[in-house]
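A structural walkthrough
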Amino acid sequence: MSDKSIQVIEGSEVGFATTRVDALLGWARKYSLFQYPFVTACCGMEFMALASPRFDMARFGAEAPRFTPRQADLLWVVGTVSQRQAPVLKMVYDQMADPKYVLAFGTCASCGGFYDNYATVPGIDKVIPVDVYVPGCPPRPEGVIDGLLLLQDKIATGDRTPAVVKPRTDPVPKDLVSLRRSAEGDPVSEAG
Ligand code: SF4
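Notes on the structure in this doc start here. (Residues numbered from 1 in each chain as written. Predicted model: local features only at pLDDT ≥ 70, side-chain atom pairs only at ≥ 80, totals over all residues.)

1. What about the sheet that holds strand 4 (residues 74-78)?
Our working definition: At least two DSSP bridges between two strands are needed for those strands to be called paired. Secondary structure elements follow DSSP: runs of H or I of four or more residues count as helices, runs of E of two or more count as strands, with numbering from the N terminus. A pair of residues counts as a contact when their C-beta atoms, built from backbone coordinates, are separated by no more than 7 Å. Axis geometry follows a simple rule: fit a line to the C-alpha atoms, using only the stretch in contact for helices, then measure angles between N-to-C directions, giving values from 0 to 180 degrees.
Read across the sheet, five strands follow the order 3-4-5-6-7 without closing on themselves; strand pairing throughout is parallel. Looking at the sheet topology across the chains shown, the edges are occupied by strand 3 (35-39) and strand 7 (163-164). In the sheet, strand 3 pairs with strand 4 via five bridges, with the strands oriented parallel. If you follow Val-39 over to strand 4, its bridge partner there is Val-78. The strands that helix 2 (residues 43-51) touches are strand 3, strand 4 and strand 5 (101-105); relative to strand 4, the one it contacts most, it runs at about 135°. In the packing of helix 5 (residues 141-157) onto the sheet, the strands contacted are strand 5, strand 6 (132-134) and strand 7, and the crossing angle to strand 6 comes to about 170°.

2. Examining the site of the ligand
Under the convention used in this document: We call a residue near a molecule or strand when its C-beta atom, built from the backbone, sits within 6 Å of it. Each residue receives one of three labels: charged for Asp, Glu, Lys and Arg, nonpolar for Ala, Val, Leu, Ile, Met, Phe, Trp, Tyr, Cys and Pro, and polar for the others, Gly being one of them.
Around the ligand, the neighbouring residues are Ala-41, Cys-42, Cys-43, Gly-79, Thr-80, Gly-106, Thr-107, Cys-108, Gly-113, Cys-137 and Pro-138. Split by residue class, the shell around the ligand holds six nonpolar, five polar and no charged.

3. Concerning the environment of Phe-105
We apply this condition: Using C-beta atoms placed from the backbone, we call a residue buried if 20 or more other C-beta atoms fall within 10 Å of its own, exposed if 12 or fewer do, and partly exposed for counts in between.
The residue Phe-105 is located in strand 5 in this model. You can call Phe-105 buried: it has 30 C-beta atoms within 10 Å. Sequence-wise, Phe-105 and Pro-139 are 34 residues apart; in three dimensions their C-alpha atoms are separated by 7.3 Å. Not counting the four nearest positions on each side in its chain, Phe-105 is found in contact with Cys-43, Phe-47, Trp-76, Val-77, Val-78, Val-134, Pro-139 and Val-144.

4. Things to note about the pairing of strand 5
This is how the line gets drawn: We call a crossover right-handed when, viewed with the strands running away from us, the connection from the first strand over the helix to the second turns clockwise.
Buried residues dominate strand 5, accounting for five of its five residues. On strand 5, burial covers both faces: Tyr-101, Leu-103 and Phe-105 on one face and Val-102 and Ala-104 on the other are all buried. Bridge analysis of strand 4 against strand 5 gives five bridges, and the strand direction is parallel. Of the residues in strand 5, the one forming a bridge with Val-77 is Ala-104. Chirality of the crossover, the property in question, places the unit of strand 4, helix 3 (residues 86-95) and strand 5 among those that are right-handed. Taken together, the three bridges between strand 5 and strand 6 define a ladder with parallel strand orientation.

5. Description of the packing of helix 1 (residues 21-30) against helix 5
Just so we agree on the cut-off: Note on angle classes: values under 35 degrees are labelled roughly parallel, values over 145 roughly antiparallel, values of 65 to 115 roughly perpendicular, and the remainder oblique. Handedness of a helix crossing follows the sense of rotation of the near helix relative to the far helix, less than a right angle counterclockwise being left-handed and clockwise being right-handed.
At a minimum axis separation of 7 Å, helix 1 and helix 5 run at an interaxial angle of 155°. It follows that helix 1 is roughly antiparallel to helix 5 by the angle criterion. Crossing handedness for the pair helix 1 and helix 5: right-handed. Where helix 1 abuts helix 5, its residues Gly-26, Trp-27, Arg-29 and Lys-30 lie against Gln-152, Ile-155, Ala-156 and Thr-157. Broken down by class, the residue content of the contact of helix 1 with helix 5 amounts to three nonpolar, three polar and two charged.

6. Overview of the nonpolar core
Applied cut-off: Here, a nonpolar core means buried Ala, Val, Leu, Ile, Met, Phe, Trp, Tyr and Cys residues linked by C-beta atoms lying within 7 Å of one another.
In terms of nonpolar packing, the biggest core is built from 38 residues, with Leu-75, Trp-76, Val-77, Leu-103, Ala-104 and Phe-105 touching the most fellow members. The set of elements that each furnish at least two residues to this core consists of strand 3, helix 2, strand 4, strand 5, helix 4 (107-111), strand 6 and helix 5. The dominant element in this core, judged by the number of residues it contributes, is helix 5, at seven residues. Residues within four places of Val-77 in sequence aside, it is in contact with Phe-38, Leu-89, Val-102, Ala-104, Phe-105, Ala-109 and Ile-124.

So this is what it looks like as structure tokens:
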């Protein structure tokens, strides 16, 4: 919950705080997402990595899958969506209860990727609204976690403006490069 939505009242023996009901609901919702994975293609491999203990989606309260849309409020669209799948995707979205959120996982779901052809939907936002786009082919799990955290912030503040996850630059530290070179006996590194 943002600091602005909480007001701590001084002077009480036990202490208490006030907040707004919508801020309280947003805070609760962002940590209790029930996901419906709509997985169609190779991005599914990274989706499985995301759910593994290494990346541990459970930390964010979003690990529990629901394979009926009526029990889900977060639709992960993972992979390429064909024109024939589009009506099914729309039906799944329509069956989810409000408030519901959509995350486009990977370049194909976000914009069709390199499938510039008659059979592929050029981005799921042609079919359903999207809250967060995660670019990458496939995106790394860290990038998807960035997308999930971005979505959580938007849920907490009630912001439904679509957003794109920024790419991580994640440069390799220079000392790590020189360590690796010297371990491999690189003459460049040994010469200084
Ligand atoms: S974005 Fe890349 S990895 Fe993901 S479904 Fe498309 S082609 Fe496959």
